[in-house]
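The chain contents come next:
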Amino acid sequence: MFKKSAFMFGYSPKTVELANELSDEILHLFIVVESKDAYNKAIADGYSSVTLLDVTDDTKLESLNVAEEDYLICVMDDHYLNVFLTLSLHALYPKATIVALSDSPHTTQKLKMAGATRIIDLYQVSANRIHNILNKPVTTQLIERLFSADEDFSFKEMVIPQKSKLDGVMVDNFDFSQHGVILLGMIDNRLSNKFIFITSGLENRFDVGDTLVCIGYNKDLEKFKDYISS
Amino acid sequence: MLINLITKFAFFLNGSKKYKQFKYIASNFLKESDYPYKKYFDIFMILLIVISIAILVYEVKHPVADWVDFFDIYIVTVIFTIEYLARAWVHNDWHVMVVREYTECQFLKRNFLLWKPTKLVLKEKLTYLTTPTAIIDLLAILPAYRPLRVLRIFVLFRVFKLLRYTKSIHQFLNVLATKKFELFTLLFLLVFITVTAGIAIYVFEAKQNDNIDTLFDALYWALITISTVGYGDISPVTIEGRVVSMLIIVTGIAMISFVTSVIVSSFSEKLTELKENRIVEEMNKQDSFMIICGYGQMTRMFLKHYAKEYDKSYIIIEKDKEQVEVAIKEGYSAIHEDPTRHDVITKFNTDYSNITLLALTGSDVANVYITLNAKAISKNIRVITRASSQSIAKKSRLAGADSVVMPNLIANRMLFTAITQPVMYRAIYAVLTGEHLAQLDEVDLKYHQKLVGKTIREIDVRQHKLLCIGVHASCSNRFIFNAPLEYQLEKEDVLLLMGRQVSINHFKEINEEVSYV
């Protein structure tokens, strides 16, 4: 279970699945909606923490009691409102992480300016997927497997704990393949808090607290996580 | 006995694959404008026509060598005759009619009469032979009959044959055909005024004017005057004649303006259609191309990133005229049509080209319908469709879609990852958006034969700052994730690598080798 709360602004057929997945994974999911229909739909879908309010009103947004470490998810259907809401939330909670959904490069740019921490452009990802289907059938298969709920194959991030076998080992000297996983990249705390791809050519060393992102079969990923923790 | 033999021959033709294939190819060469090799045949025929006309013009004042005459009379004419007969031959199938009639007779236990299907076939062929184009074809052959020198002028009919091979002339005539009523009305008016003015000038001037002897002279003068050409060889000498001249000159100017405006308006009305037909024709000349249905955000995004990669091998079909204009303004080739219409997709060369159709309209219902339409036209059309939910995706697959893209599903997965596993999000984002520093790319060993036979250890992708995610093994047709170091690559395997685009391109470049065996 993820130990944070999230406020999801907007509830539509587009985001029903997201709400469903999040409610299983995070500590508490608050759904904030603007219309009575969306409110009724969320309640009918079994969510108890649903608030109906005018998201353009800052005083009402303040009353939500958002903590610094909470996530704010802006997925309103109206992209004008979504940008405005992002701006309002960023002004009210400058340290909170704001994740927003965009539907065009222009909106993405505006959301970025409004203070969104992460922006997902609905169509950019889809366009890339079409390109992959057309030109990279093997890549398409792999991505489908990674995102299919039925497959036992995925990405996983793991933090190197104290007294880990990896502590102090150079990245090039460690053979991940014998564990059945592939290291895609990491956050090397010594250098910065930026994610570095393993293919970037930098010589990194594993240290306690570094975060690794690996890809592999779930069972191998779990075994590997146990291995670095043991 | 003879009827039996002919019937057997019809059955033989009906069962002969070689004969059918031969006729199919001949028909494609003669009739199918989408057939990729037809253009070569057309060019050849145009060349023959041009040579034939050039000989006609040259020999008016110069003697020509015997071999040139031989070429013109026999070679060109024989080719034209073969073409004329071949067109009549491919027009319909005699053997099919005979077989059908015979089978029906057997079924209904009635007497089989060979003349019945033969008569039908001949009637159809005769109908074809009396069409203007077939008559032109026939007249173009006549100049070969030397005893009648006057027939030489029929060489000019060979020029008309160009209509068959040049689309622009054909299109011009088609456009004029749409204004048939207006043009015929004007022609009738022209004839009426010319005849009236001709008679009038004949009555007024036949006795006074030395240049007007007959009614023909008067009619000739009227036509030359009304057309505003005015050679001046015949001119009125009486007051009455001059008044008639003034009247028909004014009428002539008005009529010419009217004809011009009719032709111009018909062209401006058809201009968009002509342009769009030309785009479709250009597309059909390609071996493989992409039809993108809908010009919404997804199409925009797709083309923004990949239009250069697909060069000119795509066409957008959009039913909103304003969107079409936007697409054209943004530099993409687009036509204004409703992609859900069956006849819109049939415009494309579904028989000879590899077509990929992207159903990316904003409506799920339209996308499913487009998918069904495309698959109904040809199973070979590869369809990638957009769906907003799992249930629509299921319906799209049932409709025959080869791949389904669900923007919401992918976006939700990314939003979820961004919240629950923010570090991993960076990796996923890069993989899904194809960022240059973490491109996932495929190395097809068909085109990189230098890698065949080597093991994963030997190719050592790490020295190229690449990551080998796995291999799609051709022998087992499955993807081997994290392929073992001792795995030996085979000639149809596909290597899946991750890394900077520049590293991948370099790796591909040094291992590029195509086997043509």
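Residues numbered from 1 in each chain as written. Chains lettered and ligands numbered in written order. Predicted model: local features only at pLDDT ≥ 70, side-chain atom pairs only at ≥ 80, totals over all residues.

1. Digging into the overall build of chain B
If you tally the helices and strands in chain B, you get 21 helices and 10 strands. Within chain B, buried positions represent 31% of all 517 residues. In chain B, once contacts between residues fewer than 6 apart in sequence are set aside, the share between residues at least 24 apart is 63%. (Helix = DSSP H or I, 4+ residues; strand = E, 2+ residues; numbered from the N terminus. Buried ≥ 20, exposed ≤ 12 C-beta atoms within 10 Å, placed from the backbone. Contact = placed C-beta atoms within 7 Å.)

2. Quick look at the sheet that holds strand S1 (residues 288–293) of chain B
Residues and elements named next belong to chain B. Ordered in space as S3-S2-S1-S4-S5-S6, the 6 strands form an open sheet in which the pairing is parallel. The sheet is open, and its two borders are formed by strand S3 (334–336) and strand S6 (403–405), each paired with just one other strand. Between one strand and the next, the sheet's axes are offset by a mean angle of 20 degrees, whatever the strand orientation. Sheet analysis places S1 next to strand S2 (residues 314–318), joined by 4 bridges and oriented parallel. Paired with Cys 293 across the two strands is Ile 317, which belongs to S2. Those strands touched by helix H14 (residues 321–329) are S2 and S3, and its axis lies near 160 degrees from that of S3. The sheet strands contacting helix H16 (residues 364–377) are S1, strand S4 (354–359) and strand S5 (382–386), and the helix crosses S5 at an angle near 175 degrees. (Pairing = 2+ DSSP bridges. Axes fitted to C-alpha atoms, helices over the stretch in contact; angles between N-to-C directions.)

3. A few points about the nonpolar core
Counting residues in hydrophobic clusters, the biggest one holds 145 residues, and the most contacted among them are Ile73(A), Cys214(A), Leu415(B) and Leu497(B). Top contributing element to this core by residue count: helix H18 (residues 407–420) of chain B, with 8 residues. Ignoring any residue separated from it by four or fewer positions in sequence, one finds Leu497(B) in contact with Asp441(B), Val443(B), Val461(B), Leu466(B), Leu467(B), Cys468(B), Ile469(B), Ile504(B) and Phe507(B). Grouped together as the second largest cluster of nonpolar side chains are 12 residues, Ile201(B), Tyr202(B), Ala222(B) and Val244(B) included. (Core = buried A, V, L, I, M, F, W, Y, C linked by C-beta atoms within 7 Å.)

4. Side note on the interface of chain A and chain B
In this assembly, 55 residues from chain A lie in contact with 54 residues from chain B. Here the residues of the side of chain A that touches chain B are counted per class, giving 30 nonpolar, 16 polar and 9 charged. (Nonpolar A, V, L, I, M, F, W, Y, C, P; charged D, E, K, R; others polar.)

5. Focus: the pairing of strand S10 (residues 211–217) of chain A
Residues and elements named next belong to chain A. Burial within S10 is extensive, with 5 of its 7 residues counted as buried. As paired elements, strand S8 (residues 181–187) and S10 share 6 bridges and run antiparallel to each other. Bridge pairing links Gly 185 to Val 213 in S10.

6. Let's talk about helix H1 (residues 2–15) of chain B
Because each turn of an α-helix spans 3.6 residues, side chains separated by three or four positions in sequence point in the same direction. Over its 14 residues, H1(B) extends 20 Å from the first C-alpha to the last, a length consistent with the 20 Å expected when each residue adds 1.5 Å. Little of H1(B) sits inside the fold, with 1 of its 14 residues counted as buried. (Expected span 1.5 Å × (residues − 1).)

7. Thoughts on the sheet that holds strand S10 (residues 494–499) of chain B
By way of backbone hydrogen bonds, the strands of a sheet pair with one another, either parallel or antiparallel. Residues and elements named next belong to chain B. The strand order across the open sheet built from 4 strands is S7-S10-S8-S9, with neighbouring strands paired in antiparallel fashion. Strand pairing shows two members of the sheet lacking a second neighbour, strand S7 (439–444) and strand S9 (478–481), which therefore form its edges. This sheet shows a mean twist of 25 degrees between the axes of neighbouring strands, independent of strand direction. As paired strands, strand S8 (residues 466–473) and S9 are joined by 4 bridges and run antiparallel to one another. Residue pairing across strands places Gly 470 opposite Phe 481, the latter belonging to S9. The sheet strands contacting helix H21 (residues 501–510) are S7, S8 and S10, and the helix crosses S7 at an angle near 5 degrees.

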